[in-house]
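Chain by chain, the residues run as shown.
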Amino acid sequence: MILLDGKVASAAVKESIKKETTVLSKAYLRPPHLAAILVGNNGASETYVASKVKNCEEVGFLSSLIRFEADIAEDVLLNKIIELNNDASVDGILVQLPLPKHISEAKVIETINPAKDVDGFHPINAGKLVQGLPSFVPATPYGVMLLLEHYNISTKGKHAVVIGRSNIVGRPMSILLSSNLPYGNCTVTICHSHTPNLNEICLQADILVAALGKPGFVKQDMVKKGAVIIDVGITRVTDETAKKGFRIKGDVAFGEVSAKASAITPVPGGVGLMTIAGLLKNTLQAYKNSY
Ligand code: NAD
């Protein structure tokens, strides 16, 4: 069984980004610049944004963290995005989700200039992805593709089953795996909360991607022997014995499933780290596109 280690794979991706950044920063007289907006003080969002900022520094990017109180008016946030759209020194803009209920996520996403949309959530980038045109791919499914590439997992002609159809993970994941790409060309089945015979379908998967947000949902009896298991799930589960009072759990029951899998991602230390690698790749691309 191969452990698909996000620490190892993301370090390799980051090393290559760092090398390219060193060369390009000299040529273009400035490094790539990511602007991250954080609204409110949701614990998980704070952690994600802090990690994104730290990773930017590690590869030689500039980063700006713009914080707003949870009760910020929607138009103030939208105006800030417009200001960043018009700022030539900013290459990538991300707004950490989820946002407070009174702010429309759709409006926020659609206000970001698609050329700076390094999260790949803008409908223009989503449409380009569907048509196989160059686009910013949402960082998590992009990170999964980078992980498959790093470990040279054979995908061509395989049956991939994706559990979850969200715009940020499941749906773009299903499109990438079915696309004519070096680590695509799978036959893909996408499952969701209304799929009645989920166990049967999962048992047919050569590659199973779990992205539903239900800790330990995928059990051994849902997995074919030798399958490749990609666990996207990240859920904070309360645990008094843990230092922080919670533990991060994936969607896969790792212990029992790893006994049957040919390759599997751990949680934490798997897809989460690759998501950051995907975001950094997108930011570097946005920077290069601007010259
Ligand atoms: P979401 O809630 O938007 O979507 C969940 C999807 O799972 C939905 O499409 C739903 O139909 C499906 N689903 C729910 N219950 C199901 C069931 N019983 N059977 C089949 N399908 C079911 O969630 P999301 O934003 O796509 O995130 C999914 C998980 O991935 C979460 O745990 C989230 O925290 C995690 N996540 C991780 C990363 C990362 O970097 N690793 C990034 C984004 C999201």
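Further up the page is the structure itself.
This section reports on the structure supplied with the text. (Residues numbered from 1 in each chain as written. Predicted model: local features only at pLDDT ≥ 70, side-chain atom pairs only at ≥ 80, totals over all residues. Heavy atoms only, no water.)

### Side note on the site of the ligand
Condition: Only heavy atoms are used to decide nearness, and a residue is near a molecule or strand if one of them lies within 4 Å of it. Between N or O atoms, a polar contact is any pair within 3.5 Å; within protein, one atom must be a potential hydrogen donor and the other a potential acceptor, and residues adjacent in sequence are included only when both atoms are from side chains. Accessibility throughout is a Shrake-Rupley quantity obtained with a 1.4 Å probe, and a residue counts as covered only by protein chains that appear here. Here a strand is any run of E in DSSP of at least two residues, a helix any run of H or I of at least four, and the numbering for each starts at the N terminus. Residues were grouped as follows: Ala, Val, Leu, Ile, Met, Phe, Trp, Tyr, Cys and Pro as nonpolar; Asp, Glu, Lys and Arg as charged; and all remaining residues, including Gly, as polar.
Taken together, 22 residues form the shell around the ligand, and within it Arg-165, Ser-166, Lys-214, Ile-234 and Thr-275 come nearest. Here an oxygen atom of the ligand and a backbone polar atom of Arg-165 are 2.9 Å apart. A distance of 2.9 Å separates an oxygen atom of the ligand from a polar backbone atom of Ile-234. Contact with the protein chains hides 73% of the accessible area of the ligand, taken as 860 Å² for the molecule alone. Counting residues per element, the shell around the ligand draws most heavily on helix α10 (residues 271–289), at three residues. A per-class count over the shell around the ligand returns ten nonpolar, ten polar and two charged.

### Focus on the environment of Asn-282
Put simply, the rule is: Residue contacts are counted whenever heavy atoms from the two residues lie within 4.5 Å of one another.
Checked against the element boundaries, Asn-282 lands in helix α10. Distance in space between the C-alpha atoms of Asn-282 and Asp-206 is 29 Å, their sequence separation being 76 residues. Residue contacts for Asn-282: discarding those within four places in its chain leaves Val-118, Phe-136, Val-137 and Tyr-142.

### Digging into the sheet that holds strand β4 (residues 92–95)
Test applied: When DSSP finds at least two bridges between two strands, those strands are taken to pair. All axes are obtained by fitting lines to C-alpha atoms, using only the stretch in contact for helices, and the reported angles, taken between N-to-C directions, cover 0 to 180 degrees.
If you trace the three strands from one edge of the open sheet to the other, you get β3-β2-β4, paired in parallel fashion. The open sheet is flanked by β3 (62–68) and β4, the only strands paired with a single partner. Sheet twist, expressed as the mean angle between neighbouring strand axes with direction ignored, is 15°. As paired strands, strand β2 (residues 33–39) and β3 are joined by seven bridges and run parallel to one another. Bridging across to β3, Ala-35 finds its partner in Ser-64. In the packing of helix α3 (residues 74–85) onto the sheet, the strands contacted are β2, β3 and β4, and the crossing angle to β2 comes to about 180°.

### Focus: the nonpolar core
Inclusion rule: Side-chain atoms within 4.5 Å are what join buried Ala, Val, Leu, Ile, Met, Phe, Trp, Tyr and Cys residues into a set we call a nonpolar core. Three exposure classes are used, based on accessible area relative to the maximum for each residue type with a 1.4 Å probe and protein chains only: buried under 20%, partly exposed in between, and exposed over 50%. Domain boundaries shown here were taken from an automatic or database domain assignment.
Membership of the largest hydrophobic core comes to 50 residues, with the highest contact counts inside it found for Leu-148, Leu-177, Val-209 and Ile-230. Residue contributions to this core peak at nine residues, all from α10. Formed jointly, this core draws a minimum of three residues from each of two domains, domain 1 (29–114) and domain 2 (139–271). Setting aside chain neighbours within four positions, we find Leu-177 in contact with Met-145, Leu-148, Ala-160, Val-162, Tyr-183, Gly-184, Asn-185, Cys-186, Val-188 and Val-209. Among the nonpolar cores identified, the runner-up in size contains 18 residues, and Val-161, Cys-191, Val-218 and Ala-227 belong to it.

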